Amino acid sequence: MIKKYILGISGGSGGLYSISVLRGIIGAGHKCYLVTSKPGRRILSLETDTKLSGSADKDKKILIDKYGLDGNLLEVIDENDVGASIASGSFRTSGMAIVPCSTGSLGSLANGISRGLIERAADVCLKERRKLILVPRETPYSLIHLENMTKLTRAGAIILPASPGFYNLPEKIEDLVDMISSRVLEKLDIEPENLKEWKGE
Ligand SMILES: Cc1cc2nc3c(=O)[nH]c(=O)nc-3n(C[C@H](O)[C@H](O)[C@H](O)COP(=O)(O)O)c2cc1C
C-alpha cells in the first residue's frame, strides 16, 4: 500500500540527511510531499550540489532528474502555500519528518506558531497525533533549545538529533548519513535499506 509522508527541509546544516530520507521514502514506493524553507534551500545548496530554486515545479524536476525519483511519488509544495492539502488534518498522512530541523523551527513548533507550511503541517501532525520526527542539528544546545525539545517530546514528537554513532565503523560520509536517515525511516515505519543493526560484540 502506498503511504503518504511529508518531508520538511528547514535551515539547519545537514542537507545530505534530507536527500537520503527523501530517496528512502520514494525508493520504498511511498508518496512524499516535500516542503523546503528558504534557509533550508540555501544551506542545501551550500553543502550539496542540489540547487533548489523555490519554485515547486522546477524543484520537482531538479530532484527527479538528479536522483532518478519516480515523479508520481513526489509532490513539491511551496512553503507559502498554507492552503495546500497537508495544511489540513482532514488530509490523512502516515507522518512527517523535518530534516534538518532548525532551532528556529523547533522554537516555533514548540509554541504552536505556524509561520509557513512546514510548521503548519507539523502542527497538524501533533494535533492529529501522527508521527512527527524532528532532526535538529546544533551544538551546543541552549536551555531554550532543550526546553523546546522537551515540550515537543511531551506533545508526541520524536527528537532524533543528527548525531551518528561510530560503533559500526563508518568508512565514508554516506555511512554516517545513512545511520541517521535509516533511523528516521524506521521511525516512520519504512523498512530502511541501509540500517546496520548492532548485533552485539
Ligand atoms: C550556513 C548556515 C548554516 C546554519 N546552520 C544551522 C544549524 O546547523 N542549525 C540551526 O538550527 N540553524 C542553522 N542556521 C540558521 C537557520 O538557517 C536560521 O535560524 C533560519 O532562520 C531558520 O529558518 P527556518 O527554520 O525557517 O528554515 C544556519 C544558517 C546558515 C546561513
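For the structure, check the block above.
All of these numbers come straight from a predicted model, not from anything done at the bench.

Each value, and the rule that gives it
- Residues numbered from 1 in each chain as written.
- Predicted model: local features only at pLDDT ≥ 70, side-chain atom pairs only at ≥ 80, totals over all residues.
- Heavy atoms only, no water.
- Helix = DSSP H or I, 4+ residues; strand = E, 2+ residues; numbered from the N terminus.
- Rg over C-alpha atoms; globule rule 2.2 N^0.38 Å.
- Buried < 20%, exposed > 50% of the residue type's maximum accessible area, 1.4 Å probe, protein only.
- Contact = heavy atoms within 4.5 Å.
- Lys, Arg positive; Asp, Glu negative; His and termini not counted.
- Charge placed at Lys NZ, Arg CZ, Asp CG, Glu CD.
- Near = heavy atom within 4 Å.
- Polar contact = N/O pair within 3.5 Å; in protein donor to acceptor, adjacent residues only side chain to side chain.
- Areas by Shrake-Rupley, 256 points an atom, 1.4 Å probe, with all protein chains shown as cover.
- Nonpolar A, V, L, I, M, F, W, Y, C, P; charged D, E, K, R; others polar.
- Axes fitted to C-alpha atoms, helices over the stretch in contact; angles between N-to-C directions.
- Parallel < 35°, antiparallel > 145°, perpendicular 65-115°, else oblique.
- Left-handed = near helix turned anticlockwise from the far one by under 90°.
- Phe/Tyr/Trp six-rings, centres within 6.5 Å; stacked < 30°, edge-to-face > 60°.

Student: I'd like a rundown of the overall build of the chain, residues and numbers included.
Tutor: Helix and strand counts for the chain stand at seven helices and six strands. In sequence order, the secondary structure elements of the chain are arranged as β-α-β-α-α-β-β-α-α-β-α-β-α. In terms of overall size, the chain behaves like a compact globule, its C-alpha atoms giving a radius of gyration of 16 Å where 201 residues would be expected to give roughly 17 Å. Along the three orthogonal principal directions, the C-alpha set of the chain runs to about 50 × 40 × 35 Å. Buried residues in the chain amount to 49% of all 201 residues. Across the chain, every contact between residues at least 6 apart in sequence was considered, and the portion connecting residues at least 24 apart equals 72%. The positive charge centre, built from 27 side chains, and the negative charge centre, built from 25, are 4 Å apart in the chain.

Student: Would you mind going over the site of the ligand in detail, with residue names and values included?
Tutor: Neighbouring the ligand are 14 residues, the closest being Gly11, Ser37, Ser102, Ser105 and Arg137. The contact in question runs from a nitrogen atom of the ligand to an N or O atom on the side chain of glutamate 138, over 3.5 Å. Coverage of the ligand by the protein amounts to 67% of the 640 Å² it exposes when considered alone. Going through the elements one at a time, α2 (38–47) and α4 (103–110) are the ones with two or more residues in the shell around the ligand. Looking at the shell around the ligand residue by residue, the class counts come to three nonpolar, eight polar and three charged.

Student: Could you give an account of the packing of α4 against helix α5 (residues 117–127), with specific residues and numbers?
Tutor: Remark: α4 packs on α5, axes separated minimally by 10 Å, with the N-to-C direction vectors making an angle of 45°. In terms of orientation, α4 lies oblique with respect to α5. Between α4 and α5 lies a crossing whose hand is right-handed. Residues Ser105, Ser108 and Leu109 of α4 touch α5, and the partners they reach there are Glu119, Ala122 and Asp123.

Student: Outline the packing of aromatic side chains, listing residues and values.
Tutor: For the structure on display, the rule yields one aromatic pair. A centroid spacing of 5.5 Å and a plane angle of 85° characterise the contact between tyrosine 33 and phenylalanine 91, whose relative ring orientation is edge-to-face. With a gap of 58 residues between them, tyrosine 33 in strand β2 (residues 31–36) and phenylalanine 91 in the loop between β3 (74–76) and β4 (96–101) connect regions that are remote in the sequence. What makes tyrosine 33 buried here is its relative accessible area of 5%.

Student: Mind laying out α2, listing which residues take part and the relevant values?
Tutor: For α2, every residue scored as buried is listed here: Gly40, Arg41, Ile43 and Leu44. As for α2, its buried residues are in contact with β1 (4–9), α1 (15–27), β2 and α3 (56–67). Measuring from the backbone nitrogen of glycine 40 back to the side-chain oxygen at the start of α2 gives 3.0 Å, which picks out serine 37 as the cap.

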